[in-house]
Amino acid sequence: MLNNKYGDFLPDGRQFRITTPDIPRNWYNYLWNDNYITFVSQTGAGDGFLQDGMGNRIGLVAERGLYLLRGRKEGDSTESWGICGLPVEQVNESYECIHSPGATSIHTKKNGIYAAVTFFVPVRDACEIWNVNLRNDSGERQELKLIGACGTVVDDRYARQGYNVSAAAFDRELNGIKCRRHCDFAGVKNRQFLGFMALSETADSYECTMNRITGPYGSFAYPICQKRGGLTGTEGNSEKLGFALQKNLVLEAGESMDITFVCGVAFSDEEAVKLRQRYRKQEDVLAAKEEAQRLFSSQVEQVEIDTPDRELNKLFFWLKHQANMGSRWARVRHNGYRDMTSDTECLAAVNPELALTRFKRVLSYQYSNGYAPRTISGGRICDNNFSDNAVWISFTANTILKELGDRAVMDETVPFNDGSESSVYEHVRRSVDFLYHFRGRNGLIRIWGGDWNDCMNEAGMKGEGVSVWLSIAWYRANEMFREIAQICGRQEDAALCVERGREIRELVETYGWDGEYYLTAIADDGTPIGSRTNEEGQMFLPPQLWAVLSGVSKDGRHIQAMDAVEKYLSTPLGTVISVPAYTKYDSRIGSVTLKPAGVHENGGVYLHTIAWKIAADAMLKRRESVEQDLECILPFRNKVVAGRAEPYILCNSYFGEQTGYRYGTPGQSWRTAAGPWLEKALLGYVFGLMPQMEGLKIDPCLPKSWKNCSVKKRFRGATYQIHYENGGPDVIEIMVDGKTVPGNVLPWEEGKTYQVYVTTGVRKGE
């Protein structure tokens, strides 16, 4: 059981139950298909929007509310309550919210009325479904009004004193409210669309504006329509729109009823009506929900883990799901190129076929010269002066190639963003080539407007500033491309990689070493960043970790750098990303120096880097450090964080002690690479499952406390049941189907199931 008063995993691990609506912050679930995404909290809060391939968005949902009203026996006054947990101080007979991949259900009971609201996004349609089941457990006949309300941004976000000329009206054929608007979408200029909310049963009343739903001073916790006793049937014109529909119903004692709200986007009246019709019948709604849930489960079920940490086993399912979401929707607020590429790399360890599809989509936004943009947003490819986006391409290509074991994937044709086409191999080659030539001071790779650390956005805008971290990361990308070239028989390319790698390695060692650890960057004016000579920001974590991950260092410097990590960056909360945190703005560096000390990249415990640290420590066979890293990153194991962060998903950071009352509280959840990279670190480095063209290689580094653990992995049509007996850092013996195998690469044959037993310990003489 989790040490958490707000909820727990259900036994299968694929569902998390929240037991009170009143928690320190909203705990969300993300629901999506390839075109529409929404998120839902334990009280129904969240946003939803439609997006085309170029990042044009049609905003739809900005808030949600579902309410029941009933007249009192003694008079005309009305009592009302929310059935999604709002307001949070409302006393319910029972409450629970169950988040699962593909759906969120909120169950409440008040005044003898049981209500279950299920939110989901169908697999193919541009809408979200709110399915309400009501049951009368009061023992007597009840006359009720059900209201579903949607704060919408179909007419843009509300701005005080804004200029609003939008309109919405009730449409009887749709049996709902619609707003007709225009935007650039899917290659059509000023395309007309409809944002709408429809009801499965005949609606009895409606509202079309926020003033009629919440009132000018109300909210979705305290909407004016509740106080008023229902909706008034008023259309909207030239004020902030909101959608609300009402159904009057009578429930006999013990009777139940299902009602469905459809919030969607359509490009014609006929399409909107068809969407509503599709979800009128309860059996069709349930079938659509189950289809979405089956799809999400099937996309990540190829790998499972079993460790002594039962909660980690359950979290692992959600980490896979988080990687799936990120590989399609990146950070949701924008379509980050790096983000989609890196999360796709992590997804590849679980579902390489889906990862390849996602990877080819991301490659299509790359420039034909090899450069990769920062994001795709608002109908444009936006460079945003970031220099590192191309470096992630090699990592993903290498992982997918080895997982699939089919060199033909490198020959598949993918367009560039100018419409020209080339092979996946050529996309990768050009990405490595571009960054090799994109160099500044001391021959290292330019940082320009930021590397992985987005907030060092002023360090290289004059073209001379360089990133030591990116130069190290390029070395790793170059090595991975060298492997691809050799696999594909491109020996000249492989030889060039060796030559270039040797050159960049010498430059990193000459100009990037600070005596005890690696710098992170050098600004335009030659000022080192992440140096002992700095007043603030004297050391950064990423270059030390990547010195291990890349193999760039010489003479054991990576060991020295990792020792310095433990010496300078270790805190009771976890390993911080930098010390000391910036307390004043430095125009030579950028906005990282504007963030409060201890927040995110400015001295916080940044979980993406902790996931990298798990991998680096595992590569160095530092079992104690791997265990400590896991204690830090897991929201239910970190003693400071436990009970504050969502236990079923990872957030981007934990706030440092400089933040006072925020110490140990979580940053943004879901929209981070921390979850995907923890999944990759566990599989690839802790359990040591590294795909090679010849098969699956095993080289684990298990925490000391994991005396026995196992992994089930489907790999190229074969299934491996891998059992570990953990006695040390070294692989002593690998047995497959009762026979000892030489080396550490497993035999492979499509369609076979293998029982694998791995014994680890300490080799004699070591």
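Residues numbered from 1 in each chain as written. Predicted model: local features only at pLDDT ≥ 70, side-chain atom pairs only at ≥ 80, totals over all residues. Heavy atoms only, no water.

Let us now look at the overall build of the protein chain. What the protein chain contains, in helices and strands, is 16 helices and 41 strands. Taken over the C-alpha trace, the protein chain has a radius of gyration of 27 Å; the compact-globule value for 766 residues is 27 Å, and the two agree within 12%. Principal-axis analysis of the C-alpha atoms places the extent of the protein chain at approximately 85 × 60 × 50 Å. Taken over 766 residues, the protein chain has a buried fraction of 63%. For the protein chain, contacts bridging at least 24 residues in sequence account for 66% of all contacts bridging at least 6. Summed over all atoms, the accessible surface of the protein chain reaches about 28000 Å², with 45% contributed by carbon and sulfur. (Helix = DSSP H or I, 4+ residues; strand = E, 2+ residues; numbered from the N terminus. Rg over C-alpha atoms; globule rule 2.2 N^0.38 Å. Buried < 20%, exposed > 50% of the residue type's maximum accessible area, 1.4 Å probe, protein only. Contact = heavy atoms within 4.5 Å. Areas by Shrake-Rupley, 256 points an atom, 1.4 Å probe, with all protein chains shown as cover.)

Looking now at unusual backbone geometry. That bond from leucine 86 to proline 87 is cis: its omega, -10°, falls within 30 degrees of zero. Within the secondary structure layout, proline 87 lies in the loop between strand 7 (78-82) and strand 8 (94-100). Across the junction of valine 579 and proline 580, the peptide omega takes the value -25°, indicating a cis bond. In this structure, tryptophan 670 takes a positive phi of about 70° despite not being glycine. With respect to the helices and strands, the residue tryptophan 670 is situated in the loop between strand 34 (653-654) and helix 16 (674-686). Even without being a glycine, arginine 716 presents a positive backbone phi close to 55°.

Attention shifts here to the pattern of salt bridges. Going through the model one piece at a time under the given rule, you end up with 55 salt bridges. Put simply, lysine 680 and glutamate 345 hold a salt bridge, and the shortest N to O gap is 3.3 Å. With lysine 680 in helix 16 and glutamate 345 in helix 6 (residues 337-348), this pair connects stretches of sequence that are 335 residues apart. For the pair lysine 680 and glutamate 345, one class covers both residues: buried. Taken together, the salt bridges that share partners define one network made up of Arg331, Arg338, Asp339, Asp343, Arg374, Asp388 and Asp454. (Salt bridge = Lys/Arg side-chain N within 4 Å of Asp/Glu carboxyl O.)

Taking the relative accessible area as the measure of exposure, glutamate 345 reaches 1% and is therefore buried. Looking at glutamate 345, its side chain comes within polar contact range of the side chain of lysine 680, at 3.3 Å. With residues near it in sequence (within four places) discarded, glutamate 345 still touches Phe395, Thr396, Thr399, Trp677 and Lys680. (Polar contact = N/O pair within 3.5 Å; in protein donor to acceptor, adjacent residues only side chain to side chain.)

So, about the sheet that holds strand 38 (residues 718-726). Spatial strand order, 20-37-38-41-39-40: 6 strands in an open sheet with mixed pairing. Two strands in the sheet have a free side with no partner beyond their single neighbour: strand 20 (303-306) and strand 40 (739-740). Relative to strand 41 (residues 753-761), strand 39 (residues 730-736) runs antiparallel, the two sharing 6 bridges. Each bridged residue has a counterpart across the sheet, and for valine 736 the counterpart in strand 41 is valine 756. (Pairing = 2+ DSSP bridges.)

Next up on the list: the sheet that holds strand 23 (residues 380-382). In spatial order, the strands read 21-22-23; together these 3 strands make up an open sheet with antiparallel pairing. Each edge of the open sheet is held by one strand with a lone partner, namely strand 21 (335-336) and strand 23. Relative to strand 22 (residues 375-377), strand 21 runs antiparallel, the two being bridged by 2 bridges. What sits directly across from asparagine 335, in strand 22, is isoleucine 376.

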